[in-house]
Amino acid sequence: MTAAAAAVLLGLSACTSDETDTASETTTAVETTATSGSSTTEQAEESAQHSEADVMFAQMMIPHHEQAIEMSDIILSKDDVPADVTSLAEEIKAAQGPEIAQLTDWLEQWGEPTQPEGMDMDMDMDMGGDHDMAQMEGMLSDEELQQLSDAPGPEAAELFLNQMIAHHEGAVAMAEDQVENGTYPPAVDLAQTIIDTQQQEIDTMRQLLDPM
């Protein structure tokens, strides 16, 4: 083979290699874009699956959880509270704080407000209103919260357990409704977690009340 022929073959080989690399890069870019687009589409479709029941569950469970944390903060600020009770209050805060963040995030994704329209968060039950926070199952009134705040440590511990049992029972009822009627799978899963976790805590609180 002459030197000229070898040079021609070498040039053709280089061109073929460049074309192959370019085609490979183009294919990879297309696949990456397609995968990214598919992921975005799946997220959008999943978010679109939510229903009015899912929205109401999130909107109502947020203030319900917030009050449980408020109750826990009250008991944690007191002296002479049994260690088992303070430990339970800390567990409640640790579980429900992240759940509030998740519920809030979903509402933002859905373009929904964090509370139902017309809901008065400070309205007492006897003042009426279709979406009065005090009408949610298990919610404490301002007077009951003040009673917990004013009670001395040992008395507050017993009061806290009784109040939180009723509060948890309300949350379980709301979560059971979500499991039955919700359509957004992650929200239904969270509702089932709330049922399992809070029912276990109810059982623990009843055991703690026995010797009191």
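Calculation notes
- Residues numbered from 1 in each chain as written.
- Predicted model: local features only at pLDDT ≥ 70, side-chain atom pairs only at ≥ 80, totals over all residues.
- Heavy atoms only, no water.
- Helix = DSSP H or I, 4+ residues; strand = E, 2+ residues; numbered from the N terminus.
- Buried < 20%, exposed > 50% of the residue type's maximum accessible area, 1.4 Å probe, protein only.
- Contact = heavy atoms within 4.5 Å.
- Areas by Shrake-Rupley, 256 points an atom, 1.4 Å probe, with all protein chains shown as cover.
- Lys, Arg positive; Asp, Glu negative; His and termini not counted.
- Salt bridge = Lys/Arg side-chain N within 4 Å of Asp/Glu carboxyl O.
- Core = buried A, V, L, I, M, F, W, Y, C linked by side-chain atoms within 4.5 Å.
- Axes fitted to C-alpha atoms, helices over the stretch in contact; angles between N-to-C directions.
- Parallel < 35°, antiparallel > 145°, perpendicular 65-115°, else oblique.
- Left-handed = near helix turned anticlockwise from the far one by under 90°.
- Nonpolar A, V, L, I, M, F, W, Y, C, P; charged D, E, K, R; others polar.
- pLDDT = per-residue confidence, 0-100.
- Polar contact = N/O pair within 3.5 Å; in protein donor to acceptor, adjacent residues only side chain to side chain.
- Patch = residues over 30% accessible without salt bridge, like charges linked within 9 Å, V, L, I, M, F, W, Y side chains within 5 Å.
- Charge placed at Lys NZ, Arg CZ, Asp CG, Glu CD.

An unreviewed UniProt entry annotates the protein chain as DUF305 domain-containing protein originating from Dietzia aurantiaca.

Below, the discussion takes up the overall build of the protein chain. Looking only at helices and strands, the protein chain features 6 helices and 0 strands. Traced from its N-terminal end to its C-terminal end, the protein chain shows the element sequence α-α-α-α-α-α. Taking all 212 residues of the protein chain together, 36% fall into the buried category. For the protein chain, long-range pairs separated by at least 24 residues make up 75% of all intrachain contacts whose partners lie at least 6 apart in sequence. With an accessible surface of roughly 11800 Å², the protein chain has 50% of that area assigned to carbon and sulfur atoms.

On the secondary structure map, Asp-54 appears in helix α2 (residues 52–76). Although Asp-54 lies buried, it forms no salt bridge, and the closest oppositely charged side chain, Arg-206, sits 26 Å away as judged by the N-O distance. Every residue in contact with Asp-54, bar those within four places of it in the chain, is listed here: Gln-49, Trp-110, Gln-178, Gly-182, Thr-183, Tyr-184 and Ala-187.

With that settled, consider the nonpolar core. One finds Leu-103, Phe-160 and Leu-161 to be the most contacted residues of the largest nonpolar core, which totals 48 residues. Elements with a minimum of two residues in this core: α2, α3 (83–110), α4 (142–150), α5 (153–181) and α6 (185–209). Residues contacting Leu-161, with those up to four places away along its chain left out, are Val-85, Leu-88, Met-205, Leu-208, Leu-209 and Met-212.

Our next topic: the pattern of salt bridges. A side chain of one charge can pair with a side chain of the opposite charge if their charged atoms are brought near each other. Evaluated as defined, the whole model comprises 2 salt bridges. Between Lys-93 and Asp-73 there is a salt bridge whose closest N-O contact spans 2.6 Å. Pair noted here: Lys-93 is in helix α3 and Asp-73 is in helix α2, with a separation of 20 residues, a long-range link. Note on Asp-73: relative accessible area 36%, which makes it partly exposed. Arg-206 is the partner of Glu-169 in a salt bridge, and the nearest nitrogen-oxygen pair spans 2.8 Å. Residue Glu-169 is found in helix α5, and its partner Arg-206 is found in helix α6; the two are separated by 37 residues along the sequence. Note on Arg-206: relative accessible area 40%, which makes it partly exposed.

Along the chain, Asp-189 falls in helix α6. In this structure, the C-alpha to C-alpha distance between Asp-189 and Val-179, residues 10 residues apart in sequence, is 7.8 Å.

Relative orientation of the contacting elements α5 and α6 amounts to 155°, with a least axis distance of 8 Å. The angle between α5 and α6 places the two elements in the roughly antiparallel class. Judged by the twist between their axes, the crossing of α5 over α6 is left-handed. Here the contact of α5 with α6 is composed, by residue class, of 16 nonpolar, 6 polar and 5 charged.

Below, the discussion takes up the confidence of the model for the protein chain. Taken as a whole, the protein chain shows an average pLDDT of 82; of its residues, 69% reach a score of 70 or greater. For the protein chain, helix α1 (residues 3–48) is the element with the lowest average pLDDT, namely 50, and α6 is the one with the highest, namely 98. Across residues 3–10, where pLDDT falls below 50, the model places 2 contacts with residues more than four positions away in sequence or in other chains. Throughout residues 122–131 the model reports pLDDT below 50, and contacts reaching past four residues in sequence, or to other chains, amount to 18 contacts.

Position of Ser-51 among the secondary structure elements: in the loop between α1 and α2. Reaching out from Ser-51, the side chain makes a polar contact with the side chain of Thr-183 at a distance of 3.2 Å. In contact with Ser-51, other than residues within four places in its own chain, are Asn-181, Gly-182 and Thr-183.

Quick look at a negative patch on the surface now. A cluster of acidic residues, Glu-70, Asp-142, Glu-143 and Glu-144, forms a negative patch at the surface. Broken down by element, the residue count for the negative patch peaks at 3 residues, all from α4. When you line up the elements, Asp-142 lands in helix α4. What makes Asp-142 partly exposed here is its relative accessible area of 49%.

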